[in-house]
Amino acid sequence: MENFAVFVPRLLPQQEYLAPGHRACIGCGEALAMRLVAKALGRNVIVSNATGCMEIISTPYPTTSWRVPWIHTLFENASAVAAGIEAAVRIQNEKGTRKNTPKVVAMGGDGATFDIGLQSLSGAWERGHDFLYVCYDNEAYMNTGIQRSSATPFGAATTTSPAGKVSIGQTTAKKNMPAIAVAHDIPYVATACPSYPFDLMEKVSKAVATRGPSYLHVLSPCPTGWRHGGDISVKMGRLAVETGAFPLFEVVNGKYRLTMDFPKLRPVKDYLTPQGRFRHLPKDEVERIQQGVIREYEKLKKKAEA
Amino acid sequence: MSARKKDSEITWQDIDIGAVIRTPGNAAEYKTGDWRSDKPTWNKDRCIKCGICYLYCPEGCIRRDEKGFFEADFYYCKGCGICARECWTQAITMGPEEQ
Amino acid sequence: MAMVGMEGSLAMAEAARLANVDVVAAYPITPQTHIVERLAEMVANGELNASYIPVESEHSAMSACLGSSAAGARTFTATAGQGLELMHEVLYVASGLRLPIVMGVANRALSCPLSVWGDHSDVMAVRDTGWIQVFAENGQQAFDLTLCAFRIAEDPKVLFPVMVHIDGFHLSHVVEPLYLMEQEQVNSFLPPFSYPFPLDPDTPVTMGAFTVPILYSEARKSMETALRSTRVIINHIFADFARVSGRQYSAVEQYRSDDADTLLLTMGSYSQIAMDAVDQLRDRGEKVGLIRLRLWRPFPFDELRQAVENCQTLVVLDRCVSPAGPPGPVCSEVKAALYSQKKRPNVAGFIGGLGGRDLTPAEFVQMVERGRVIAAEGGEEIEMIGVRG
């Protein structure tokens with residue numbers, strides 16, 4: 001298995017399992033995340049993809065960017081399809097009708113994971129299928145034009161939670177998906193960001209090596225939906241982590257560990273200001289967001305120290 | 001780049017069973033380089049051959065040459081500018097696409 | 001082989017066991033639950049070596065079947081009524097991707113009002129999903145048609161999912177005498193499953209790409225043409241099954257219809273009640289017969305037209321209402337199939353047997369008598385049989 005903690009890009013495997021020629025937006029942070037995940041997964045996988053940005057940009061018939069076996073069916077069932085594949089591989093190995101044992105990897109956006117596909121994901125976790133679920137979280141239904149999801153953070157403007165004369169945008173906080181994963185007692189849960197590529201790829205490796213369900217939650221900066229330049233997508237991901245808005249951690253058999261920590265967090269306004277989706281926020285709301293971030297970060301640190 | 005039929009010429013008999021695609025990675029025929037307005041240029045005097053630009057390219061189209069320097073494959077490069085932003089020695093500059 | 005007494009559900013489970021199914025995705029719903037329970041028991045006892053996935057909904061049941069079948073495993077599930085509706089969007093995917101999943105459906109009425117009892121409203125809602133669909137009318141057929149379903153679905157020239165319909169309660173729960181088959185007999189009829197392009201890292205494929213408008217029509221025509229062409233292969237497979245079992249099935253089956261001037265048309269277990277009515281009418285000298293659709297999709301146009309060409313009146317029973325639409329889905333399709341024929345019978349349609357309501361031979365006799373009158377006069381009224389008021 002590859003050791004991705006060497007921090008030297010030149011030593012990474014060269015093979016791209018996601019071919020260029022895909023139709024992602026210019027500067028898409030999610031496409032970068034998916035490219036890195038694919039690189040870390042290698043060839044011995046079967047991917048079950050939900051409907052969403054990554055599915056659409058990678059498979060316009062008759063072309064595909066995928067160089068591994070890949071299936072897309074519907075929006076809310078990537079986990080159920082993955083469960084079927086995993087069950088098939090298991091019995092085929094047992095009956096001798098299949099020689100290889102590929103890792104089954106389900107992929108979906110935040111809409112597919114947090115909302116419409118939560119049931120099938122919860123079911124697959126409960127049944128303990130050996131599969132990795134990667135959530136590419138760009139914090140809204142981006143492929144259909146930037147509608148809110150339960151992953152949209154407080155105060156963000158989307159088309160279905162617009163900022164207006166009597167509205168501040170999204171009025172509820174982001175659903176805590178990693179906590180929901182941990183509540184299912186699955187052996188490996190982690191958050192990641194393409195701005196920290198080695199951390200991300202190392203976590204993919206660990207998840208692949210896990211027997212049983214694993215969950216990787218990848219923050220995916222979206223220039224189109226977050227309304228920032230495509231050139232700063234990696235920078236936005238870094239700011240999300242440095243301000244504590246999106247902490248990088250992993251939970252191994254229920255034990256929390258921060259994989260990136262800072263002596264002092266940057267003020268969250270450094271992260272919010274470059275994004276057009278937060279531009280409307282008055283100072284007191286930014287302050288409220290700041291306090292929320294600190295509060296959640298402290299909670300996380302307590303769990304890691306326990 | 002490829003010899004396949006144009007989409008508008010594909011007949012129903014051409015469609016493979018279940019519309020399955022049996023040629024992995026054939027999206028590589030599509031020239032996303034046409035999307036570009038800005039183009040990255042590497043200054044080899046500043047480049048330290050670290051490969052961070054290759055790592056951060058969402059297209060995965062930056063390659064190392066035989067001398068160890070990096071450059072984009074302009075058939076695919078969309079000109080997003082992430083490589084220029086992230087380069088540690090600011091060896092990459094974005095300039096307008098020449099006509 | 002000796003006859004055994006068995007519920008239709010359990011007979012279906014036996015067929016799946018003899019077919020050495022690889023993966024079963026199971027979610028319970030009345031009245032199919034006995035199918036998935038028996039399969040669980042078989043797996044727990046080591047009688048069946050399969051991956052049994054107790055999914056959390058029917059949508060996930062069919063979705064898991066998609067993954068399993070795409071990975072090249074022989075896949076089975078069962079559902080009924082609301083469950084069939086919940087997996088509705090997934091059904092189109094199964095046929096669009098050409099995955100040979102076999103599903104037993106214990107036909108059940110749809111809410112509201114809630115009814116767990118049998119009728120064909122769940123079936124009629126899935127006419128256009130692109131599945132091959134066959135109707136059993138007794139316990140023997142619940143067993144036989146399930147075995148045929150695997151063979152049909154997985155045939156390299158077919159590769160479509162297949163539904164085997166059994167009437168809820170009337171077939172799922174009634175113990176009937178039937179013959180099972182020996183494993184060697186089944187093996188001589190059903191070869192091991194080999195999907196032409198399974199999900200496998202050694203030969204990566206992409207399934208489920210999206211099509212822009214310039215390509216979608218071509219993809220649909222490709223699929224529709226293929227489904228239409230499976231009728232010939234299904235007939236061959238029925239013939240092969242007859243060779244192995246001694247029981248011959250056809251797309252349209254007939255009962256005392258040769259010289260009939262009036263024919264009844266039914267699907268499912270109520271065909272057997274209709275046969276009693278035909279016998280009664282024949283006893284009093286009337287030339288009445290019965291035809292049953294064994295094959296519902298692909299629709300057996302030629303066989304239907306041939307079966308009715310010499311009768312004056314065709315009386316169709318629908319166990320489903322199409323509210324405010326033409327009387328009865330089956331009746332509408334039959335009329336449509338006969339419209340282009342220069343010589344065709346007058347057709348009358350009745351709706352009956354909804355939500356598990358029994359029909360008696362006397363009511364079938366009533367349908368024949370009233371049917372002759374309606375068919376001669378025409379009219380768009382829905383005639384429901386056996387409704388009070």
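Model, not experiment: these values are computed from the prediction.

Reading the values: the criteria
- Residues numbered from 1 in each chain as written.
- Chains lettered and ligands numbered in written order.
- Predicted model: local features only at pLDDT ≥ 70, side-chain atom pairs only at ≥ 80, totals over all residues.
- Helix = DSSP H or I, 4+ residues; strand = E, 2+ residues; numbered from the N terminus.
- Rg over C-alpha atoms; globule rule 2.2 N^0.38 Å.
- Buried ≥ 20, exposed ≤ 12 C-beta atoms within 10 Å, placed from the backbone.
- Contact = placed C-beta atoms within 7 Å.
- Pairing = 2+ DSSP bridges.
- Axes fitted to C-alpha atoms, helices over the stretch in contact; angles between N-to-C directions.
- pLDDT = per-residue confidence, 0-100.
- Parallel < 35°, antiparallel > 145°, perpendicular 65-115°, else oblique.
- Left-handed = near helix turned anticlockwise from the far one by under 90°.
- Nonpolar A, V, L, I, M, F, W, Y, C, P; charged D, E, K, R; others polar.
- Domains from an automatic or database assignment.

1. Let's talk about the overall build of chain C
If you tally the helices and strands in chain C, you get 14 helices and 16 strands. Here the C-alpha atoms of chain C give a radius of gyration of 21 Å, agreeing with the 21 Å that 2.2 N^0.38 yields for 389 residues. Principal-axis analysis of the C-alpha atoms gives chain C an extent of 65 × 55 × 45 Å. Scored against the burial criterion, the 389 residues of chain C give a buried share of 57%. For chain C, the proportion of contacts with a sequence separation of at least 24, taken over those separated by at least 6, is 80%.

2. Quick word on the environment of Met367(C)
Residue and element names in this part refer to chain C. Note that Met 367 resides in helix H14 (residues 361-377). Taking the C-alpha atoms as reference points, Met 367 and Arg 292, separated by 75 residues in sequence, lie 16 Å from one another. Contact partners of Met 367, with chain neighbours within four places excluded, come to Val 315, Leu 317, Phe 350 and Ile 385.

3. Some details on unusual backbone geometry
In this chain, Cys112(C) is followed by Pro113(C) through a cis amide linkage whose omega measures -5°. Looking at the element boundaries, Pro113(C) is found in the loop between strand E5 (102-107) and helix H6 (121-124). Residue Pro298(C) is bonded to the preceding Arg297(C) through a cis peptide linkage, with omega at -5°. Counting through the fold element by element, Pro298(C) comes out in the loop between strand E13 (295-297) and helix H12 (301-308). Positive phi outside glycine occurs at Glu139(A), with the angle close to 70°. Here Glu139(A) falls in the buried class, since 28 other C-beta atoms lie within 10 Å of it. With a phi close to 55°, Asn20(C) is a non-glycine residue in the positive phi region. Relative to the helices and strands, Asn20(C) is located in the loop between helix H1 (8-18) and strand E2 (23-25).

4. Here's the deal with the sheet that holds strand E1 (residues 45-49) of chain A
Reading across the sheet, the nine strands line up as E10(A)-E9(A)-E7(A)-E8(A)-E4(A)-E3(A)-E1(A)-E2(A)-E9(C) and stay open at both edges, with mixed pairing between neighbours. Looking at strand neighbours, the two that pair on one side only are strand E10 (255-258) of chain A together with strand E9 (206-207) of chain C, the edges of this open sheet. Relative to E9(C), strand E2 (residues 70-72) of chain A runs parallel, the two sharing two bridges. Opposite Trp70(A), over in E9(C), you have Thr206(C) as the bridge partner. In the packing of helix H3 (residues 78-95) of chain A onto the sheet, the strands contacted are E1, E2, strand E3 (103-109) and strand E4 (131-137) of chain A, and the crossing angle to E3(A) comes to about 175°.

5. So, the confidence of the model for chain C
A residue-level look at chain C finds 99% of positions with pLDDT of 70 or above and a mean pLDDT of 96. Listed scores for the predicted complex are pTM 0.97 and ipTM 0.97.

6. Regarding the interface of chain B and chain A
A common way to report how large an interface is uses the accessible area buried once the components associate. The interface of chain B with chain A comprises 30 residues on the first partner and 29 residues on the second. Residue assignment for the side of chain B that touches chain A shows that the elements contributing at least two residues are helix H1 (52-56) and helix H2 (82-86) of chain B.

7. Thoughts on the packing of helix H3 (residues 58-70) of chain C against helix H5 (residues 88-96) of chain C
Pairs of packed helices are described in terms of their axes, by the angle between the two and the distance that separates them. Residues and elements named next belong to chain C. Remark: H3 packs on H5, axes separated minimally by 9 Å, with the N-to-C direction vectors making an angle of 15°. The angle between H3 and H5 places the two elements in the roughly parallel class. The element H3 and its partner H5 pack so that their crossing is left-handed. On H5, the residues that touch His 59, Met 62, Ser 63 and Leu 66 of H3 are Val 90, Leu 91, Val 93 and Ala 94. Residue composition of the contact of H3 with H5, grouped by class: six nonpolar, two polar and no charged.

8. Comments concerning the domain arrangement of chain C
Residues and elements named next belong to chain C. For chain C, the assigned domains read domain 1 (4-244) and domain 2 (255-384). The gap between the C-alpha centroids of domain 1 and domain 2 is 28 Å. In this assembly, 27 residues from domain 1 lie in contact with 20 residues from domain 2. The element best represented in the side of domain 1 that touches domain 2 is strand E6 (residues 132-135), accounting for four residues. Looking at the side of domain 1 that touches domain 2 residue by residue, the class counts come to 11 nonpolar, 10 polar and six charged.

9. Points about the interface of chain A and chain C
With 39 residues of chain A in contact, the opposing surface of chain C contributes 39 residues. Where the side of chain A that touches chain C is concerned, the elements lending two or more residues are E1, E2, H3 and helix H5 (118-127) of chain A. Of all the elements, H3(A) adds the most residues to the side of chain A that touches chain C, at 13 residues. Its residues placed into classes, the side of chain A that touches chain C shows 21 nonpolar, 13 polar and five charged.

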